[in-house]
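A structural walkthrough
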Amino acid sequence: MGREAEYFSKDFDWEKLKQEVESNPYLSYHFQPFDSIPPSLPSPSQDSQAWNQFHIRHSTGRFFKSSYDDLFVSFPSNIWVQERRYLLKEFLTLLSCDEDSKVLEVGCGNGSTALPILRGRDNIIIYACDCSNEALERANKMIEVSIVGSVAHRFQLFHYDFSTSGFPKWLACDSCKGNFLQKEHNQFSDAEENKDMSLNNSSSLRESNCCTGGVDFVTLIFTLSAAPLHRMPAVIRECFSVLKPGGLLLFRDYGLYDMTMLRFEPDKRVGFRESMHSDGTRSYFFCTDTVRDLFTSSGFNELELEYCCVKSTNRRTGKSMRRVWVHGKFQKPF
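To keep things clear, this report deals only with the structure shown in the data block. Keep in mind the model is a prediction, meaning the values are calculated, not measured.

A word on empty space enclosed by the protein. If you walk through the whole model with that rule in mind, you get one cavity of 30 Å³ or more. Considered as a void within the structure, the largest cavity measures approximately 40 Å³ in volume. Across the lining of the largest cavity, the residue classes tally to three nonpolar, two polar and three charged.

Despite not being glycine, Asp100 shows a phi value in the positive range, around 60°. Among the secondary structure elements, Asp100 is positioned in the loop between α4 (93–96) and β3 (102–106). Given a relative accessible area of 42%, Asp100 falls into the partly exposed group. Of note in the backbone geometry, Tyr257 takes a positive phi value of approximately 75° without being a glycine. Inspection of the secondary structure assignment puts Tyr257 in the loop between β7 (243–254) and α10 (259–263).

The tendency in soluble globular proteins is for nonpolar side chains to be buried side by side. Counting residues in each nonpolar core, the largest one holds 52 residues, and the members touching the most others are Leu104, Leu249, Phe251 and Phe295. Per element, the largest residue contribution to this core is six residues, and it comes from helix α9 (residues 232–242). Phe251 has contacts with Phe91, Leu220, Ile221, Leu224, Phe286, Val291, Phe295, Val326, His327, Gly328 and Phe330, leaving out every residue within four places of it along the chain. In this structure, Leu88, Phe91, Leu115 and Phe217 belong to the second largest nonpolar core, which totals 29 residues.

Residues Asp98, Glu99, Asp100 and Asp122 make up a contiguous surface patch of negative charge. Accessibility expressed as a relative area gives 59% for Glu99, which makes it exposed.

Turning next to the environment of Arg119. Among the structural elements, Arg119 can be located in helix α5 (residues 114–120). The sequence separation of Arg119 and Ile147 amounts to 28 residues, and the corresponding C-alpha distance is 7.3 Å.

As a further point, take the sheet that holds strand β10 (residues 282–284). An order of β8-β9-β10 is seen for the three strands of this open sheet, with the pairing classed as antiparallel. The sheet terminates laterally at β8 (269–271) and β10, the two strands that pair on one side only. Neighbour to neighbour, the strand axes of the sheet diverge by 30° on average, direction disregarded. Sheet topology places strand β9 (residues 274–276) next to β10; three bridges connect them, and they run antiparallel. Of the residues in β10, the one forming a bridge with Glu274 is Tyr284.

With that settled, consider the sheet that holds strand β4 (residues 125–130). Pairing within the open sheet is mixed, and its seven strands lie in the order β5-β4-β3-β6-β7-β12-β11. This sheet does not close on itself; its edge strands, each paired only once, are β5 (155–159) and β11 (301–313). Strand after strand, the sheet turns through a mean of 15° between neighbouring axes, direction not considered. Examined bridge by bridge, β3 and β4 share five bridges and lie parallel to one another. Its bridge partner lying in β4, Val103 is registered against Ile126. Along the sheet, α9 contacts β3, β6 (215–221) and β7; its crossing angle with β7, the most-contacted strand, is approximately 145°.

Here the focus is the pattern of salt bridges. Tallied over the full model, the rule gives eleven salt bridges. With its nearest N and O atoms 2.9 Å apart, the salt bridge here joins Arg323 to Asp258. Of this pair, Arg323 sits in strand β12 (residues 320–331) while Asp258 sits in the loop between β7 and α10; the two residues are 65 residues apart in sequence, bridging distant segments of the chain. A relative accessible area of 0% means that Asp258 is categorised as buried. A salt bridge links Arg292 to Asp289; its shortest N-O distance comes to 3.1 Å. With Arg292 and Asp289 both in helix α11 (residues 288–296), this residue pair falls three residues apart, about one helical turn. Overall, the relative accessible area of 47% leaves Asp289 in the partly exposed class. In the salt-bridge network here, residues are joined through shared partners; they are Asp289, Arg292 and Glu302.

About the cut-offs
All chains use their own residue numbering, which begins from 1 and follows the written sequence. The predicted origin of the model limits local features to residues at a pLDDT of at least 70 and limits the giving and counting of side-chain atom pairs to 80 or more, whereas totals for whole chains, interfaces and linings rest on all residues. As a convention, hydrogens and water are excluded, and side-chain values are obtained from all of the structure's heavy atoms. As defined here, a cavity is a set of points on a 1 Å grid over the protein atoms alone where a 1.4 Å probe fits but cannot get out. A pocket is an open set with protein on both sides within 12 Å along at least five of seven lines, and residues line them when an atom is within 4 Å of a point. Grid points are joined across faces, edges and corners, and a volume is the space filled by probe spheres set on the points. Here the nonpolar group is Ala, Val, Leu, Ile, Met, Phe, Trp, Tyr, Cys and Pro; Asp, Glu, Lys and Arg are the charged ones; every other residue, Gly included, is treated as polar. Where helices and strands are cited, they refer to DSSP runs of H or I of at least four residues and of E of at least two residues respectively, numbered from the N terminus. Only protein chains enter the area calculation, which uses a 1.4 Å probe; residues under 20% of their type maximum are buried, those over 50% are exposed, and those in between are partly exposed. What is meant by a nonpolar core is a set of buried Ala, Val, Leu, Ile, Met, Phe, Trp, Tyr and Cys residues, joined one to another through side-chain atoms within 4.5 Å. Only heavy atoms enter the contact rule, under which two residues are in contact if any of them lie within 4.5 Å. Exposure above 30% relative accessible area and the lack of any salt bridge qualify a residue for a patch; like charges then connect within 9 Å, and the nonpolar side chains Val, Leu, Ile, Met, Phe, Trp and Tyr within 5 Å. Only the protein chains shown count as cover for residues, and the accessible areas themselves come from Shrake-Rupley with a 1.4 Å probe. Should a side-chain nitrogen of Lys or Arg be within 4 Å of a carboxyl oxygen of Asp or Glu, the pair is scored as a salt bridge. In this tally, Asp and Glu contribute negative charge and Lys and Arg positive charge; neither His nor the terminal groups of the chain are included. To locate a charge, take atom NZ for lysine, CZ for arginine, CG for aspartate or CD for glutamate. Two strands pair under a simple rule: DSSP has to find at least two bridges between them. Inter-axis angles, ranging from 0 to 180 degrees, are taken between N-to-C directions of lines fitted to C-alpha atoms, where helices are fitted over the stretch in contact.

Quick look at the structure:
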């Protein structure tokens, strides 16, 4: 059986891992309530600065770890990229979407998410943003050297810090957002009338010159966990606001009991299930209930939500690693 057919995300049982971890007294501090308040919480600008410095330090891209279905690709100028090939297997709708569908990638990093999407579909448009200028520069170089032919017309980068402001108006202006809301308001109209309205609204959005008319997909791939928990609802609401009715948000991030979570020492905790690295970057570890509450409370409908449990091997040490991620697909109501 070829590698393409071997992809699997249930290498071990999450409930058994939970039982094993929670019965280990040396790990009990991870599950104790977090009542203390850190003496000084970093401001949004400090969080962004920490991530920019992170990308500068790891400018070759070698830092980024992969699951067994990711691919490290080397390009000229010492650019190393972890191409997330699993995305097109986990989110098949990216392969079957309409021509000229628009994707907003939030937190693009070095471009490892955009690359397989651009490779997989030659008529998809990606708007990719990040709070780090260093990451944007590297993503731009990586896409330029990795794909034959120019993709400038369908890959656009912009600087954006989701923890401090809303998305720019050129993604979805107030008028188009109003159209989205009007369409949602009329979703309980009779079926035929609703169908006609859908066609008319789609046409007007395509012909709009004020903005892109909103996007069909938003990807949050290992991005939301970098924000403090109390800022996450605002980020999700912003994503909701620029999606067209019926649009999809594709989510993948660190899950509860992931190997990375268990490595944090007690003094690195800055919240419940939330820890901070020595460089000032933070990580939150999600359970499915938290993800569900975050997205449904912002208006999304849940389509898929589960733990991905992948066992991989450190090629240098030979040590087996149990990785836990949360996979989710959410839809904005029609």
